[in-house]
Amino acid sequence: MRQLILIISSLLILLTSCEKELDFKYHDVESQLVIEGNVTQDGTIVALTYTTPMGEPMNLTHLTDAEVTLTDITAGTAISLTPDAEGVYTDPTPGISGHEYRIDVNRDGKTYSATDLMRNPVEILLLEFQWVKMPYDYVAALKIMFTADPGDNDCYWIRLYRNGEPYMWLQADDRSAVNGVITEAVRTSRKDISEEDDKTVLVEGDVVTATVSPVSRAMYDYLTALQSDSNGQRMFAGDFCLGYFLAAPIASTSITFHPDLLPIY
C-alpha cells in the first residue's frame with residue numbers, strides 16, 4: 001500500500017512577463033507542507049512531508065508531529081490516525097463506496113481539511129505490451145482496458161509502477177469509453193535501451209503494475225495541472241499546503257515485461 005503514495009517533491013511557480021525580466025529568487029522559496037491522503041478498500045494512509053528547496057538533496061522524511069483525523073461523514077464516525085514505524089499515518093478500516101470522507105490535519109497551530117466521496121470500483125480487463133514502430137525506433141506501448149464507473153463519475157487516475165516503484169501516471173475520463181469500457185495506451189521503453197532514459201527503460205523480467213482509481217473532476221483537473229507544470233487548484237481548505245486527499249477503491253493488475261515475446265504493430 002505504501003507504493004500508492006505519490007510524493008510531490010517540489011513547488012513550481014511560473015512567472016512570465018512580456019515587458020521585463022523578473023528577478024525572482026526561486027531557490028529561496030520556503031518549504032511547504034505536503035499532505036497526501038488515500039482512503040481505499042484496504043484502509044487509510046496519510047503521509048506528511050515538506051517540499052525540498054532546489055539544489056538540495058530530496059528529503060522524504062515523514063512528519064509525525066500532527067493530529068490527523070479521518071471522519072466518515074455518511075456514517076457519522078471519526079478515527080484518529082497514528083503514525084506507523086515509517087512515519088505514515090494509517091488505519092486499517094476499509095473505505096466504503098458511496099460514503100463521503102473528510103480528513104483533518106492539525107499541526108503547529110495550523111489546520112488543513114479536505115473531503116471526498118468514495119466512488120464505485122472499476123475492473124481492469126486487459127494489460128498488455130506491444131511494439132509500435134516509430135520513426136526513431138520501436139517503442140513498447142502499454143495498453144490498459146478497464147470498465148467505466150456506471151455512476152456519475154467519469155474520471156480516473158492510472159498509476160504505473162516498475163518493480164514496485166513509481167514509474168509513470170496518466171489521467172483519463174469516459175469520453176473515450178466504448179460500451180462501458182475505457183482503453184488507454186502509454187509509450188514506455190524503446191527497443192534500443194542504450195538510447196533510453198533510465199527513468200523509463202524496461203528490461204527483461206521487469207514487473208509493471210497498473211492501478212486504476214476513480215476520482216472527482218476536481219482531482220482530474222489537479223492532475224492535469226501537475227502534468228502541464230501549471231498551478232492547479234487548492235485541494236485543502238484552511239491554511240495553505242500542497243497535496244491531495246483521495247477516497248477511491250483501487251483496481252490493480254501486473255504484467256511481466258518480455259521484450260522478445262511482444263507482438264509488433
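Treat the numbers as computed from the prediction; the structure is a model and nothing was measured.

1. As for the overall build of the chain
Point 1. Each helix and strand in the chain was counted, giving one helix and 16 strands.
Point 2. Taking all 265 residues of the chain together, the buried fraction comes to 44%.
Point 3. Summarising the internal contacts of the chain: among those between residues at least 6 apart in sequence, 66% fall at separations of at least 24.
Point 4. Here the chain has roughly 14,000 Å² of accessible surface; of this, 50% comes from carbon and sulfur atoms.

2. Quick look at the side chain of Asp206
Point 1. For Asp206, the location among the structural elements is in the loop between strand E12 (181–190) and strand E13 (207–215).
Point 2. Despite being buried, Asp206 has no salt bridge partner; Arg162 is the closest side chain of opposite charge, sitting 5.4 Å away.
Point 3. There is a polar contact of 2.9 Å between the side chain of Asp206 and the side chain of Asn163.
Point 4. Side-chain polar atoms of Asp206 contact the backbone nitrogen of Val203, separated by 2.9 Å.
Point 5. If we ignore the near neighbours within four places in the chain, the residues touching Asp206 are Arg162, Asn163, Val201, Ile255, Thr256 and Phe257.

Cut-offs applied
Position numbers for residues count from 1 along each chain, tracking the sequence in the order it is written. Only residues with pLDDT of at least 70 get local features here, since the model is predicted, and only at 80 or more are side-chain atom pairs given and counted; chain-wide, interface and lining totals rely on the full set of residues. Calculated side-chain values reflect all of the structure's heavy atoms, with hydrogen atoms and water omitted. Numbering of helices and strands starts at the N terminus; helices are DSSP runs of H or I of at least 4 residues and strands are runs of E of at least 2. The classification of residues rests on relative accessible area computed with a 1.4 Å probe and restricted to protein chains. Under 20% of the type maximum is buried, over 50% is exposed, and intermediate values are partly exposed. Note on definitions: a residue-residue contact is assigned when non-hydrogen atoms from the two residues lie within 4.5 Å. Surface accessibility follows the Shrake-Rupley procedure with a 1.4 Å probe radius. Residue values consider only the protein chains on display as shielding. Charge convention: Lys and Arg are scored as positive, Asp and Glu as negative, and His as well as the terminal groups of each chain are ignored. By definition, a salt bridge exists where a carboxyl oxygen of Asp or Glu is found within 4 Å of a side-chain nitrogen of Lys or Arg. Residues adjacent in sequence count toward polar contacts only when both atoms are side-chain atoms; beyond that, a polar contact is any pair of N or O atoms within 3.5 Å, and within protein one must be able to donate a hydrogen and the other to accept it.

Note that every value here comes from positions in space, so none of it alone points to a role or purpose.
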